[in-house]
Amino acid sequence: MSTLLKRSVTEGLGTFWLVLGGCGSAVLAAAFPNVGIGLLGVALAFGLTVLTMAFAIGHISGCHLNPAVSVGLVVGGRFPARELPAYIVAQVIGGIVAAALLYFIASGKPGFELAGGLASNGYGEHSPGGYSMAAGFVTELVMTAMFVLIILGATDRRAPAGLAPIAIGLALTLIHLISIPVTNTSVNPARSTGPALIVGGWAIQQLWMFWLAPILGAIVGGVVYRWLGKEETV
């Protein structure tokens, strides 16, 4: 088994790819003239980042790429709690580095304005569809709970071998298709933190929700699957 340091660095690299690929598609390509990829393309991009990294690094670090997922896996009995801090720190650093790189690339275009949000997550006036804080909180909690439940189910030793990355990547795509209009979709505190630190102001003020709701959702997902997936003795 790889050392904790190597696995943590791997998590940082994977989260870097998730934020660069997902947020990058939203900032650089979503509304590009004539050939913009739109909401569907951004949702697919986020799913593809997880799908590709799951195949690339899943055997090294488990490919969490998300503090909430790591918490959910601890609650679900799949990940040791003692390694949680190292994973979370690495994931957040990866997200910040990706957001900084994305800002550098995006600002190379004339007329770029950081006021656009750099794909930051938000609620109220900063929700893409103007959804309330309560609607955003519930959405993030439920979407993260389902995401963690799907991850735990797809990686269960009783599930079809080798197909977990596809199920997990498609799940994240579906989650984005549902919730981009509500919060710009977080379900991942590291993904939210990187852009928020670059944007500052309102994005940092609203960041609390994109830590609290996903982590609570992850706990719910972990508890539910631990009960559902428990093998009963006859």
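A quick note: this is a predicted structure, and the numbers were derived from the prediction, not measured.

## With respect to the overall build of the protein chain
For step 1, the next point in the chain: Along its length, the protein chain carries nine helices and zero strands.
For step 2, the next point in the chain: Going from N to C terminus, the protein chain has its helices and strands arranged as α-α-α-α-α-α-α-α-α.
For step 3, the next point in the chain: Against the 2.2 N^0.38 benchmark of 17 Å for 234 residues, the protein chain shows a C-alpha radius of gyration of 17 Å, consistent with a compact globule.
For step 4, the next point in the chain: Based on the C-alpha atoms only, the size of the protein chain along its principal axes is roughly 65 × 35 × 30 Å.
For step 5, the next point in the chain: Across the 234 residues that make up the protein chain, the buried fraction comes to 49%.
For step 6, the next point in the chain: Intrachain contacts of the protein chain at a sequence separation of at least 6 include 77% that bridge at least 24 residues.

## Concerning the UniProt feature "site: Involved in tetramerization or stability of the tetramer" (unreviewed entry) in the protein chain
For step 1, the next point in the chain: If you check UniProt for "site: Involved in tetramerization or stability of the tetramer" (unreviewed entry), the listed places come out as Cys 23 in our numbering.
For step 2, the next point in the chain: With respect to the helices and strands, the residue Cys 23 is situated in helix α1 (residues 4-29).
For step 3, the next point in the chain: Residue Cys 23 is classed as buried on the basis of its relative accessible area, which comes to 0%.
For step 4, the next point in the chain: Non-local contacts of Cys 23, meaning those with residues more than four positions away in its chain, are made with Leu 18, Phe 46, Leu 102, Ala 119, Arg 191 and Pro 195.

## Points about helix α4 (residues 84-106)
For step 1, the next point in the chain: Compared with the 33 Å implied by 1.5 Å per residue over 23 residues, the 33 Å span of α4 between its first and last C-alpha is a close match.
For step 2, the next point in the chain: Those residues of α4 that are buried lie in contact with α1, α2 (38-61), α3 (67-75), α7 (189-199) and α9 (209-228).

## Focus: the pattern of salt bridges
For step 1, the next point in the chain: Going through the model one piece at a time under the given rule, you end up with three salt bridges.
For step 2, the next point in the chain: Residues Arg 78 and Asp 156 are paired through a salt bridge, measuring 3.7 Å at the closest nitrogen-oxygen approach. In this pair, Arg 78 sits in the loop between α3 and α4 while Asp 156 sits in the loop between α5 (133-154) and α6 (164-183), placing the two residues 78 residues apart along the sequence.
For step 3, the next point in the chain: Among the residues examined, Arg 78 registers a relative accessible area of 36% and is labelled partly exposed.

## Some thoughts on the packing of aromatic side chains
Geometry of an aromatic ring pair is reported as the spacing of the ring centres plus the angle between the planes.
For step 1, the next point in the chain: The full count for this structure, using the stated rule, is four aromatic pairs.
For step 2, the next point in the chain: Measuring from centroid to centroid gives 6.0 Å for Tyr 103 and Phe 112, while their planes differ by 55 degrees, and the two rings are tilted.
For step 3, the next point in the chain: Residue Tyr 103 is classed as partly exposed on the basis of its relative accessible area of 34%.
For step 4, the next point in the chain: Owing to a relative accessible area of 28%, Phe 112 belongs among the partly exposed residues under this scheme.
For step 5, the next point in the chain: These aromatic residues form a ring-pair network of at least three members: Tyr 123, Phe 137 and Trp 208.

Conventions we followed
Within each chain, residues carry numbers counting from 1 in the order of the written sequence. Thresholds applied to this predicted model are a pLDDT of at least 70 for local features of residues and 80 or more for the giving and counting of side-chain atom pairs; totals over whole chains, interfaces and linings are not thresholded and use all residues. In computing side-chain properties, one takes all heavy atoms of the structure into account and sets aside hydrogens as well as water. The way it works is that DSSP assigns letters per residue, a run of H or I at least four long becomes a helix, a run of E at least two long becomes a strand, and they are numbered from the N terminus. Using C-alpha atoms as the atom set, the radius of gyration is obtained and then compared with a globule rule of 2.2 Å times the number of residues to the power 0.38. Only protein chains enter the accessibility calculation, which uses a 1.4 Å probe. A residue is then buried if its area is under 20% of the maximum for its type, exposed if over 50%, and partly exposed in between. Whether two residues touch is decided by their heavy atoms; if any such pair falls within 4.5 Å, the residues are in contact. UniProt positions are given in the numbering used here, feature names are shortened, and annotations may be inferred rather than shown by experiment. For a helix, the expected span equals 1.5 Å multiplied by the number of residues minus one. By definition, a salt bridge exists where a carboxyl oxygen of Asp or Glu is found within 4 Å of a side-chain nitrogen of Lys or Arg. The rule is short: rings of Phe, Tyr and Trp, with Trp giving its six-membered ring, pair when the centres are within 6.5 Å, and they are stacked under 30 degrees, edge-to-face over 60, tilted in between.

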